[in-house]
Amino acid sequence: MCQACVQECPVLIGHVDLISDLRRHLVGEGQIAGSPAKAMVHIGKQFNPYGRPAADRLAWAEGLQVPTAESNPDFDYLLWVGCAAAFDPRAQKVARALVQLFQEAKVNFALLGREERCTGDTARRLGDEFLFHELAQANVETLHRHKVEKIVTPCPHCFNTLKNEYPQFGGKFQVQHHSQLLEELVRAGRIAGAHKAVE
């Protein structure tokens, strides 16, 4: 679904559109099964493809004293953690390190915490447009309620969805991948000792 096949195709066949249509048809006919069907059930019930309780979405940050949109309503950046960094132990290390770097650089940020849900990227890629639309609309409402303008995320899937797909639902935000903001902070000398590494 990354469009690489379309880019490389010598006769410019739109593979991704064809595959998306086939997947939507399978979902519409109730013919999707196995782990993709299970992931969509988890997203619909727990708002993440892992099937982990939505109440555990902030467990990865235990001991870090992360600010939420409720506790810090005047934040500059919303850190959209994403499902992987919230629930996958390997990705949690990235989220924890990112929070520590933001705290060191004195970035005024906040998380949605338990209010964060899957962006719907997985559902859309698997062909469940209805579930994607539900999630996108709910997330955009939440982001507007918290007056979000700038979003930073460690997840490339969330980055793409928030930046390129949410505008069609009224969600027009400035979205950065965490590596972009970290580079800005390093160049500004706000992360100790790191600026020499990029010179």
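Okay, so let's go over this structure. Bear in mind the structure is a predicted one, so any value in this text is a computation, not a measurement.

## Looking at helix α5 (residues 89–104)
Moving on, step 1. Helix length check: α5 (16 residues) gives 23 Å between terminal C-alpha atoms against 22 Å at 1.5 Å per residue, within 8%.
Moving on, step 2. Inspection of α5 places Ala91, Gln92, Ala95, Leu98, Val99 and Phe102 among the buried residues, and these make up the whole buried set. Taken around the axis of α5, the buried residues stretch over an arc of 120°, which confines them to a single face. Exposed positions of α5 whose direction lies more than 90 degrees from the buried face are Pro89, Arg90 and Lys93.
Moving on, step 3. Packing partners of the buried residues in α5 comprise β1 (77–79), α4 (83–87), β2 (109–110), β3 (150–153) and α9 (178–187).

## A short note on the pattern of salt bridges
Moving on, step 1. Tallied over the entire structure, the rule returns eight salt bridges.
Moving on, step 2. Arg124 is the partner of Glu129 in a salt bridge, and the nearest nitrogen-oxygen pair spans 2.9 Å.
Moving on, step 3. Exposure remark for Arg124: the relative accessible area of 14% places this residue in the buried category.
Moving on, step 4. Several salt bridges share partner residues, and in doing so they unite Asp121, Arg124, Arg125, Glu129 and Glu165 into one network.

## Quick word on the state of the cysteines
Moving on, step 1. Per the stated rule, a full pass over the model turns up zero disulfides.
Moving on, step 2. For the unlinked cysteine Cys118, the closest cysteine sulfur is that of Cys83, found at 4.2 Å.
Moving on, step 3. The closest cysteine sulfur to the non-disulfide-bonded Cys155 is located on Cys158, 3.5 Å from its own sulfur.

## Describing the sheet that holds β2
Moving on, step 1. Taken in spatial order, the four strands make up an open sheet running β2-β1-β3-β4, and their pairing is parallel. At either end of the open sheet lies a strand with only one pairing partner, and these are β2 and β4 (174–177).
Moving on, step 2. Bridge count between β1 and β2: two bridges; the pairing is parallel. The partner of Tyr77 across the bridge, within β2, is Phe109.

## Points about the nonpolar core
Moving on, step 1. Formed by 25 residues in total, the largest nonpolar core has its most connected members in Trp60, Leu79, Val81, Phe102, Phe109 and Leu185.
Moving on, step 2. Counting only elements with at least two residues in this core, the list comes to β1, α4, α5 and α9.
Moving on, step 3. Of all the elements, α5 adds the most residues to this core, at five residues.
Moving on, step 4. Among residues more than four places away in sequence, those in contact with Leu185 are Phe102, Ala105, Val107, Arg190 and Ile191.

## Looking at the side chain of Thr68
Moving on, step 1. Along the chain, Thr68 falls in the loop between α3 (34–46) and β1.
Moving on, step 2. If we skip the residues at most four places from it in the chain, Thr68 touches Leu58, Ala110 and Leu111.

## Observations regarding the pairing of β4
Moving on, step 1. By the bridge criterion, four bridges tie β3 to β4 in an arrangement that is parallel. Bridge pairing in β4 links Ile151 to Val175.
Moving on, step 2. In this region the chain leaves β3, passes through helix α8 (residues 156–165) and returns to the parallel neighbour β4; the handedness of that crossover is right-handed.

## Focus on the packing of aromatic side chains
Moving on, step 1. Inspection of every chain in the model, using the stated rule, returns three aromatic pairs.
Moving on, step 2. With a centroid separation of 6.3 Å and 50° between ring planes, the pair formed by Tyr50 and Phe87 is classed as tilted. Highlighted residues: Tyr50 in the loop between α3 and β1 and Phe87 in helix α4, separated in sequence by 37 residues.
Moving on, step 3. Classification of Tyr50 by relative accessible area gives partly exposed; the value is 39%.
Moving on, step 4. For Phe87, a relative accessible area of 4% corresponds to the buried category.
Moving on, step 5. Taken together, a centroid distance of 5.4 Å and an interplanar angle of 65° make the contact between Phe102 and Phe109 edge-to-face.
Moving on, step 6. Given the relative accessible area of 3%, Phe109 is considered buried.
Moving on, step 7. Against the face of Phe47 rests Arg117, its NZ or CZ located 3.8 Å from the ring centre.

How each quantity is defined
Note that residues are indexed from 1 along each chain, following the sequence as it is written. In keeping with the predicted nature of the model, local features appear solely for residues at pLDDT of at least 70, side-chain atom pairs appear and are counted solely at 80 or more, and the whole-chain, interface and lining totals rest on all residues. Side-chain metrics rest on all non-hydrogen atoms present in the structure, leaving aside hydrogens and water. The numbering of helices and of strands both runs from the N terminus, where a helix is a DSSP run of H or I of at least 4 residues and a strand a run of E of at least 2. In this analysis, the expected span of each helix is defined as 1.5 Å times one less than the number of residues it contains. With a 1.4 Å probe rolled over the protein chains alone, any residue whose accessible area is under 20% of its type maximum counts as buried; one over 50% counts as exposed, and the rest are partly exposed. What the arc covers is the set of directions going from the helix axis to the C-beta atoms. In this description, contact between two residues means that some pair of their heavy atoms is separated by no more than 4.5 Å. Here a salt bridge means any side-chain nitrogen of Lys or Arg lying within 4 Å of a carboxyl oxygen belonging to Asp or Glu. Disulfides are defined as cysteine sulfur pairs within 2.5 Å. Whether two strands pair comes down to DSSP finding at least two bridges between them. Buried Ala, Val, Leu, Ile, Met, Phe, Trp, Tyr and Cys residues that are joined via side-chain atoms within 4.5 Å together make up what is termed a nonpolar core. Classification remark: right-handed applies to a crossover when, strands pointing away from the viewer, the course from the first strand over the helix to the second runs clockwise. Each pair of aromatic rings taken from Phe, Tyr and Trp, with Trp reduced to its six-membered ring, is defined by centres within 6.5 Å and is described as stacked if the planes are under 30 degrees apart, edge-to-face if over 60, and tilted in the remaining cases. Throughout this description, the term charge over a ring refers to an Arg CZ or Lys NZ atom that lies within 6 Å of the ring centre and within 35 degrees of the ring normal.

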